[in-house]
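# Structural characterization, general
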Amino acid sequence: MQISNQRSETSSVLEPTQFAQEENSENFRIHSEIDILFILREIMQANSLITVYPNYDSDFILSSVLAIYPDKKQMIIDYGANEKCCQKALQSEKLAIVTTQNRVKIEFVCSQVRKLQFEGQDAFAVNIPESLLRIQRRSHFRITTPIAKPMKCVIPIPGTNANAEVALLDISCGGIAVIDQHPVINFEPGTVYNNCQIALPEIGTITVNIQVKNTYEITLRSGQNCFRAGCQFIELKGNMQTMIQRYIIKQEQIRKNK
């Protein structure tokens, strides 16, 4: 099924980010083949609209992902309705592709573009990208941490050699929410704790600096009342952010397979 390539459909069109070609894009870039395939399959299964830009040009093709062949490292995407743009794509060294997955902007580059027949219709065959950007600058996708085995944030107690452990409620690339139940740790808004450690199961341990942003009372599923503290990461390093992204994607995979 071909999708109309009309400028009037600007509400559906996503543009490539300029920063996608900058060095600091590594903070948002995913290289894991398993994670990339998971995201691409979700885009395909949701029949999400993808916007294809030949060589990052202003012309674009509205398309969708039709099939993914990991063994061939190949992906099939729909052929556009505008033949001129499609010919331009066939002559391009690379295609910049922009879409969304779970309300998060996804951007990647494909090459080895060729035309073929897929289920009796014209289509493009492209390589599966070696990396992709999962961009959520203004807000961060939060994922609730497991209840049965709560994750912990280990916080060094200022002025001592001791640490305190607090249970996490959720985590994102922007920060964490924790249960304020520890008698020593002060979760007054504005308080900063450095060199905190969070073990991400099957991913690794991250070391972060956090600043308390807000606290309010909540009721847990057990019926117990406690305070929730929202904490923001301060100058989170790129490799730490990548580990959090991998953890979030892994949890999405687990929940989807249940």
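Structural notes, computed from the coordinates. (Residues numbered from 1 in each chain as written. Predicted model: local features only at pLDDT ≥ 70, side-chain atom pairs only at ≥ 80, totals over all residues. Heavy atoms only, no water.)

### Observations concerning the layout of surface pockets
By volume, the second largest pocket amounts to about 280 Å³. Surrounding the second largest pocket, 13 residues form its lining, Pro146, Pro201, Tyr247, Gln251 and Ile254 being those nearest its centre. Sorting elements by how many residues they give to the lining of the second largest pocket places helix α3 (residues 238-257) first, with 5 residues. Each residue belonging to the lining of the second largest pocket can be placed in one class, and the counts come to 6 nonpolar, 1 polar and 6 charged. (1 Å grid on protein atoms, 1.4 Å probe; cavity = no way out; pocket = protein on both sides within 12 Å on 5 of 7 lines; lining within 4 Å. Points joined across faces, edges and corners; volume = space filled by probe spheres on them. Helix = DSSP H or I, 4+ residues; strand = E, 2+ residues; numbered from the N terminus. Nonpolar A, V, L, I, M, F, W, Y, C, P; charged D, E, K, R; others polar.)

### Points about the pattern of salt bridges
Two side chains bearing opposite charge may form a pair once their charged atoms approach each other closely. One pass over the structure, following the stated rule, counts 8 salt bridges. The partner of Asp35 in a salt bridge is Arg246, and the shortest N-O contact between them spans 3.3 Å. Within this pair, whereas Asp35 is found in helix α1 (residues 33-45), its partner Arg246 is found in helix α3, the two being separated by 211 residues in sequence. Judged by its relative accessible area of 4%, Asp35 is buried. Between Lys88 and Asp59 there is a salt bridge, with the nearest N and O atoms lying 3.1 Å from each other. Residue Lys88 is located in helix α2 (residues 83-90), and its partner Asp59 is located in the loop between β2 (50-54) and β3 (61-63); the two are separated by 29 residues in the primary sequence. Since its relative accessible area comes to 29%, Asp59 is described here as partly exposed. Taken together, the shared-partner salt bridges in this structure form one network comprising Asp57, Asp59 and Lys88. (Salt bridge = Lys/Arg side-chain N within 4 Å of Asp/Glu carboxyl O. Buried < 20%, exposed > 50% of the residue type's maximum accessible area, 1.4 Å probe, protein only.)

### Thoughts on the nonpolar core
Counting residues in each nonpolar core, the largest one holds 31 residues, and the members touching the most others are Ile155, Ile176, Phe187, Ile198, Leu200, Ile210 and Ile244. The set of elements that each furnish at least two residues to this core consists of β12 (152-156), β13 (163-171), β14 (175-180), β15 (192-200), β16 (204-219), β17 (225-233) and α3. The element contributing the most residues to this core is α3, with 5 residues. The contacts of Phe187, once residues within four sequence positions are left out, are Ile155, Val166, Val178, Asp180, Val212, Thr215, Ala229 and Cys231. (Core = buried A, V, L, I, M, F, W, Y, C linked by side-chain atoms within 4.5 Å. Contact = heavy atoms within 4.5 Å.)

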